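Working through the structure, step by step
One letter stands for each residue in the lines below.
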Amino acid sequence: MVNQSLEKKETSDTPEGASLIWFRSDLRVVDNTALAAATRCSNNVLAAFISTPMQWHEHNVAPMKVDFIRRRLDVLREQLAELSIPLVVVEVDDFDREAQAIADLAVSHNISHVFCNQQYEWNERQRDELTAGLLDIHNIRFSAFDDDCIITPGKVLTRNGQPFKVFTPFRREWLEVYRFEVPSVHPKPEKQQANGFMLDVQPEPMMSFTYPVADSVHWPVDEEAIKQRLHMFCEEKAALYHQQRDIPAIDGTSCLSPYLSIGALSARQCMAALLAEFPQCLDDSKSGAFCWLNEIIWREFYRHLIVAWPKLSRDQPFLGWTRNVVWQKSDSMLNAWQQGRTGYPIVDAAMRQLRQTGWMHNRLRMITASFLTKDLLIHWQAGEQWFMSQLIDGDLASNNGGWQWAASTGTDAQPYFRVFNPTVQGERFDPDGSFIRTWIHELRDVPDKYIHQPFLWDKAESLNYPKPIIDHKSARLRAIEVFKSAKALI
Ligand code: FAD
């Protein structure tokens, strides 16, 4: 299932000529499988990052994420310099040019071996096949390692050797595999001796593509701050995670997703930090620590799925029959959802949090995704794209998995007849409306009793806040009917 032709080329530890380490979504020096291998194999290592501004633009990568990557590259460059490894950033117009850019760089620097960590999305895997072919023409070896997951995709299988489609049995088997082969964290590589590249490689200009600067205080990129966020979470919050993780007004989750999405932190590092604090947590499924691990396993699940079913990263629903769903096309409804003006306070507060911070709480991602796909019956891909255009942690596998779950089109999907009631969700997870009031200033003075249905308040007319753009009760019935009819067409 994992790209076999790339795997076969994995390296031996024999020292060889100059190596190139190609950074992609693994922007770290600690626990980086490809970097560890490259430095074991050569004393002469060059590092590269290919930036594709047009691609990011066309595929709606969030400006905050681009800025986050740019800032992280500055840190990575310094960290690599301490190891005597220069980092070059090459800018190309198009994603399709990445493979050629790496081949050109390798040839011009007399590289004998290119190292990288696998990316599991379909286009990225095709690009790596192409890269391997181009390098092969010049007798340059190419090694792509499994690094992004704690357990490599393809290793967690049913008794019949099939990939899992449902999370709970996947998790059970994942834990079995984990117990059998506890993966270790790679230490930071040793400083390179006499790196010839240091003499010739000039510092390249960093990415020319600039965007509004993300909130750097909230999302620092230096090593110390990231480590501290992880350890502080494990020491102070993980024990209560199961009780607090669904309450958006509480800062009860780790907020590590942006770091995991660009690989500034690895899932293995998360797991190691958690186990250091809670050595027995694998055996205590009711604990907060286990509950957090469960989320890390969700991340793994969605990655394993896109490897097993490449169609998921090619705009396809997992459940074929859901292609028959007749979605509504309404720019005004979509716009109201995007701008946080649906008249449903919990939905609007979440959508405003997303636009302002580039991040949204998981419970709210589920509520807003359900609202778009079920209440408004707008295609999940419109929501998926909007999230990618805003999220600092935008990540194809988790985003696609989350959207297909909410829209009932995915593997482990919510059944189509289960539709979140946004008012009830608000009452349950933000009972006194503190989260809502933080993000919707118009509703600051609305009494608690009306905070989830402000249009019922007798002073509602004075608020600059819309009435609900749709009636949930009838929208729910419509969604169920539309899905039922789509399924009947099989
Ligand atoms: P924590 O609760 O501290 O969890 C720890 C880590 O586990 C997270 O950082 C994340 O890497 C992983 N994780 C947690 N929940 C999930 C989940 N449900 N699925 C997969 N991984 C999970 N996550 C992204 O990283 N990028 C996305 O683009 C993304 N889009 C989503 C879209 C929808 C519609 C939904 C429902 C979920 C999406 N998620 C996405 C998953 C989840 O919402 C975020 O990972 C989580 O909110 C990040 O906050 P945290 O770091 O505080 O998580």
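For the structure itself, look to the data block above.
For the structure given in this document, a descriptive report is provided here. (Residues numbered from 1 in each chain as written. Predicted model: local features only at pLDDT ≥ 70, side-chain atom pairs only at ≥ 80, totals over all residues. Heavy atoms only, no water.)

1. Describing the pairing of strand 2 (residues 45-51)
Consecutive side chains along a regular strand alternate between the two faces of the sheet. A large share of strand 2 lies buried, amounting to seven of its seven residues. Side-chain alternation along strand 2 places V45, A47, F49 and S51 on one buried face and L46, A48 and I50 on a second face that is also buried. The pairing of strand 1 (residues 18-23) with strand 2 spans five bridges and is classified as parallel. The residue of strand 2 that forms the bridge with S19 is V45. Pairing of strand 2 with strand 3 (residues 87-91) involves five bridges; the strand directions are parallel. Opposite S51, over in strand 3, you have E91 as the bridge partner. (Buried < 20%, exposed > 50% of the residue type's maximum accessible area, 1.4 Å probe, protein only. Helix = DSSP H or I, 4+ residues; strand = E, 2+ residues; numbered from the N terminus. Pairing = 2+ DSSP bridges.)

2. Observations regarding the packing of helix 7 (residues 167-180) against helix 13 (residues 288-308)
Viewed as axis vectors pointing N to C, helix 7 and helix 13 meet at an angle of 105 degrees, and their least axial separation amounts to 10 Å. With respect to their mutual orientation, helix 7 and helix 13 come out roughly perpendicular. Here F167, F170, R171, W174 and L175 of helix 7 come into contact with helix 13, specifically with F290, L293, N294, I297, W298, E300, F301 and H304. In the contact of helix 7 with helix 13, the residues fall into nine nonpolar, two polar and two charged. (Axes fitted to C-alpha atoms, helices over the stretch in contact; angles between N-to-C directions. Parallel < 35°, antiparallel > 145°, perpendicular 65-115°, else oblique. Contact = heavy atoms within 4.5 Å. Nonpolar A, V, L, I, M, F, W, Y, C, P; charged D, E, K, R; others polar.)

3. Remarks on helix 6 (residues 122-137)
Taking 1.5 Å of rise per residue, 16 residues should cover 22 Å, and helix 6 covers 23 Å from first to last C-alpha, within 8% of that figure. For helix 6, the set of buried residues is E124, R125, R127, D128, T131, A132, L134 and L135. N139 occupies a position one or two residues after helix 6 and carries a positive phi of about 60 degrees. (Expected span 1.5 Å × (residues − 1).)

4. As for empty space enclosed by the protein
A complete count under the given rule lists two cavities of 30 Å³ or more for this structure. Computed from the structure, the largest cavity encloses a volume of approximately 100 Å³. Taken together, the elements giving at least two residues each to the lining of the largest cavity come down to helix 13 and helix 18 (396-406). Broken down by element, the residue count for the lining of the largest cavity peaks at five residues, all from helix 18. A class-by-class count of the residues in the lining of the largest cavity yields eight nonpolar, five polar and one charged. Estimated volume of the second largest cavity: approximately 70 Å³. Residue lining of the second largest cavity: 13 residues in total, with V156, P163, F164, H304 and A308 positioned closest to the centre. Examining the composition of the lining of the second largest cavity, we find that five residues originate from one element, helix 13, more than from any other. A class-by-class count of the residues in the lining of the second largest cavity yields 11 nonpolar, two polar and no charged. (1 Å grid on protein atoms, 1.4 Å probe; cavity = no way out; pocket = protein on both sides within 12 Å on 5 of 7 lines; lining within 4 Å. Points joined across faces, edges and corners; volume = space filled by probe spheres on them.)

5. Some words on the sheet that holds strand 4 (residues 111-117)
Taken in spatial order, the five strands line up as 3-2-1-4-5 in an open sheet, and their pairing is parallel. Where the open sheet ends on each side, the last strands, each with one partner, are strand 3 and strand 5 (141-145). Averaged over all pairs of adjacent strands, the angle between strand axes in this sheet comes to 25 degrees, irrespective of strand direction. Along the sheet, helix 2 (residues 33-41) contacts strand 1, strand 2, strand 4 and strand 5; its crossing angle with strand 4, the most-contacted strand, is approximately 155 degrees. Here helix 6 sits on the sheet in contact with strand 1, strand 4 and strand 5, set at roughly 155 degrees to strand 5.

6. Notes on the pattern of salt bridges
Within the structure shown, the criterion is met by 26 salt bridges. The salt bridge involving D147 is made with R268; its shortest N-O contact spans 2.7 Å. Here R268 lies in helix 12 (residues 267-277) and D147 lies in the loop between strand 5 and helix 7, a separation of 121 residues in the sequence. The residues D147 and R268 share a single accessibility class, namely buried. Note that E461 and K467 form a salt bridge whose closest N and O atoms lie 3.8 Å from each other. When its relative accessible area of 69% is taken as the criterion, E461 is described as exposed. With a relative accessible area of 54%, K467 lands in the exposed category. (Salt bridge = Lys/Arg side-chain N within 4 Å of Asp/Glu carboxyl O.)

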